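# Secondary and tertiary structure notes
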Amino acid sequence: MRAVIFDIDGTLLNSVDLHAKAWVEAFRHFGVETKEAEVRSQIGKGGDQLMPVFLSKERIEKDGKEIESYRSDLFKREYLDKVKPFPAVRPLFERIRREGLTVALASSGKKDEVKHYQELLGIADLIDVATSSDDADRSKPHPDIFQAAIDKLDGIAPEDMIVVGDTPYDAEAADKAGLRTIGVLCGGFPESNLKGAGCVAIYRDPQHLLDAFDDTLLSQK
């Protein structure tokens with residue numbers, strides 16, 4: 001193993017419920033009623049893949065950009081300062097770097113959000129590569145964001161990389177890009193969903209991954 005590619009929301013940050021609330025509120029603002037649990041099950045996708053679950057093609061063509069813009073502004077205004085890191089993220093990244101591995105981030109979020117999250121997590125100095133929805137035409141579960149990370153990790157073969165993510169959409173997107181995925185449960189998806197999507201190993205959260213490090217695929221021992 002030479003590189004690890006991390007998802008952010010639900011994997012490193014306790015933010016999934018907040019994103020779901022922002023989407024529900026944004027949909028309601030435009031006259032669309034949704035259930036938070038149903039929206040939550042779609043978090044991990046970008047807006048381009050999430051909105052078609054709840055809106056018709058015609059409605060997306062008419063209002064999609066405005067809805068997503070409203071949702072983005074709402075999240076930054078009402079929810080961003082409530083996002084908290086999961087425990088042990090920086091120690092985990094420090095351990096990975098001591099193993100000699102390259103560290104990348106690959107999120108369905110916007111570029112400015114990814115930059116903010118690096119500061120919030122206190123890991124900006126440990127990141128070699130970061131990709132976001134700005135680097136991809138389509139968000140997860142399409143492979144574009146992971147493919148962008150592969151391209152930036154020039155000189156490292158996909159078989160020498162592994163993804164860490166919390167959703168089936170991470171695993172599906174990674175598989176399409178020729179990457180394996182370690183799943184974490186802290187984003188709220190059932191273990192059966194992660195296994196069904198192809199995760200090769202599953203841990204509770206970053207703390208569990210750190211505690212079990214020597215027995216994980218990240219260890220070089």
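Below is a summary of the structure that appears in this document. For clarity, every value in this text was computed on a predicted model and none was experimentally measured. (Residues numbered from 1 in each chain as written. Predicted model: local features only at pLDDT ≥ 70, side-chain atom pairs only at ≥ 80, totals over all residues. Heavy atoms only, no water.)

## Here's the deal with the overall build of the protein
We apply this condition: Numbering goes from the N terminus for both helices and strands, where a helix is a DSSP run of H or I of at least four residues and a strand is a run of E of at least two. Radius of gyration here is computed from C-alpha atoms only, and the compact-globule reference equals 2.2 Å multiplied by the residue count raised to the power 0.38. In this scheme, a residue with accessible area under 20% of its type's maximum is buried, one over 50% is exposed, and one in between is partly exposed, where area comes from a 1.4 Å probe on protein chains only. Contacts are residue-level and defined by heavy atoms, with any inter-residue pair within 4.5 Å sufficient. Working definition of accessibility: Shrake-Rupley area with a 1.4 Å probe, residue cover restricted to the visible protein chains. The sign given to each residue is positive for Lys and Arg and negative for Asp and Glu; His and the chain ends receive no count. For charged residues, the charge sits on one atom: NZ in Lys, CZ in Arg, CG in Asp, CD in Glu.
Looking only at helices and strands, the protein has 10 helices and 8 strands in total. Relative to the globule expectation of 17 Å for 221 residues, the C-alpha radius of gyration of the protein, 17 Å, shows essentially globular dimensions. Dimensions of the protein, computed from C-alpha atoms along their principal axes, come out at roughly 55 × 30 × 30 Å. In the protein, which comprises 221 residues, the share counted as buried stands at 55%. Contacts in the protein between residues at least 24 apart in sequence constitute 65% of all its contacts with a sequence separation of at least 6. Accessible surface, the protein as shown: approximately 9,900 Å² in total, 45% of it carbon and sulfur. Averaging the positions of the 30 positive and the 40 negative side-chain charges in the protein gives two centres separated by 2 Å.

## Considerations on the packing of helix α3 (residues 47-54) against helix α4 (residues 57-79)
Just so we agree on the cut-off: Angles run from 0 to 180 degrees between N-to-C directions of axes, and those axes are lines fitted to C-alpha atoms, restricted for helices to the stretch in contact. Orientation is classified from the angle alone, with under 35 degrees giving roughly parallel, over 145 giving roughly antiparallel, 65 to 115 giving roughly perpendicular, and any other angle giving oblique. We call a crossing left-handed when the near helix sits turned anticlockwise from the far one by less than a right angle, and right-handed when that turn is clockwise. When residue character is reported, Ala, Val, Leu, Ile, Met, Phe, Trp, Tyr, Cys and Pro are called nonpolar, Asp, Glu, Lys and Arg charged, and the others, Gly included, polar.
At their nearest, the axes of α3 and α4 sit 11 Å apart, and the two run at 125° to each other. Relative to α4, the element α3 is oriented oblique. Once α3 is placed against α4, the crossing between them reads as right-handed. Contacts between α3 and α4 involve Gly47, Asp48, Met51 and Pro52 from the former and Ile60, Gly64, Ile67 and Glu68 from the latter. Per-class residue counts for the contact of α3 with α4 are 4 nonpolar, 2 polar and 2 charged.

## Topic: the packing of aromatic side chains
The cut-off we apply is this: For Phe, Tyr and Trp, where Trp contributes only its six-membered ring, two rings pair if their centres lie within 6.5 Å, and the inter-plane angle classes them as stacked under 30 degrees, edge-to-face over 60, or tilted in between.
If you walk through the whole model with that rule in mind, you get 6 aromatic pairs. In textbook terms, an aromatic cluster arises when at least three aromatic residues are bridged by ring pairs, as seen for Trp23, Phe27 and Phe54.

## Brief notes about the nonpolar core
As a reminder, the rule being used: Side-chain atoms within 4.5 Å are what join buried Ala, Val, Leu, Ile, Met, Phe, Trp, Tyr and Cys residues into a set we call a nonpolar core.
In this structure, Phe6, Phe93, Ile96 and Leu218 are the most contacted members of the largest nonpolar core, which totals 39 residues. Take this core: its biggest share by element is 4 residues, from helix α5 (residues 89-98). Those residues within four positions of Phe6 in sequence are excluded, and the remaining contacts are Thr11, Leu12, Leu92, Phe93, Ile96, Val103, Ala104, Leu105, Ala106 and Val164. Counting residues in hydrophobic clusters, the runner-up holds 18 residues, among them Ile145, Ala149, Ile150 and Ala173.

## Here we look at the environment of Phe86
With respect to the helices and strands, the residue Phe86 is situated in the loop between β3 (84-85) and α5. Judged by its relative accessible area of 13%, Phe86 is buried. For the pair Phe86 and Gly10, spaced 76 residues apart in the sequence, the C-alpha separation amounts to 8.7 Å. For Phe86, the contacting residues outside a window of four places in its chain are Gly10, Thr11, Leu12, Leu13, Asn14, Cys186 and Pro206.

That is the geometry; function is a separate question.
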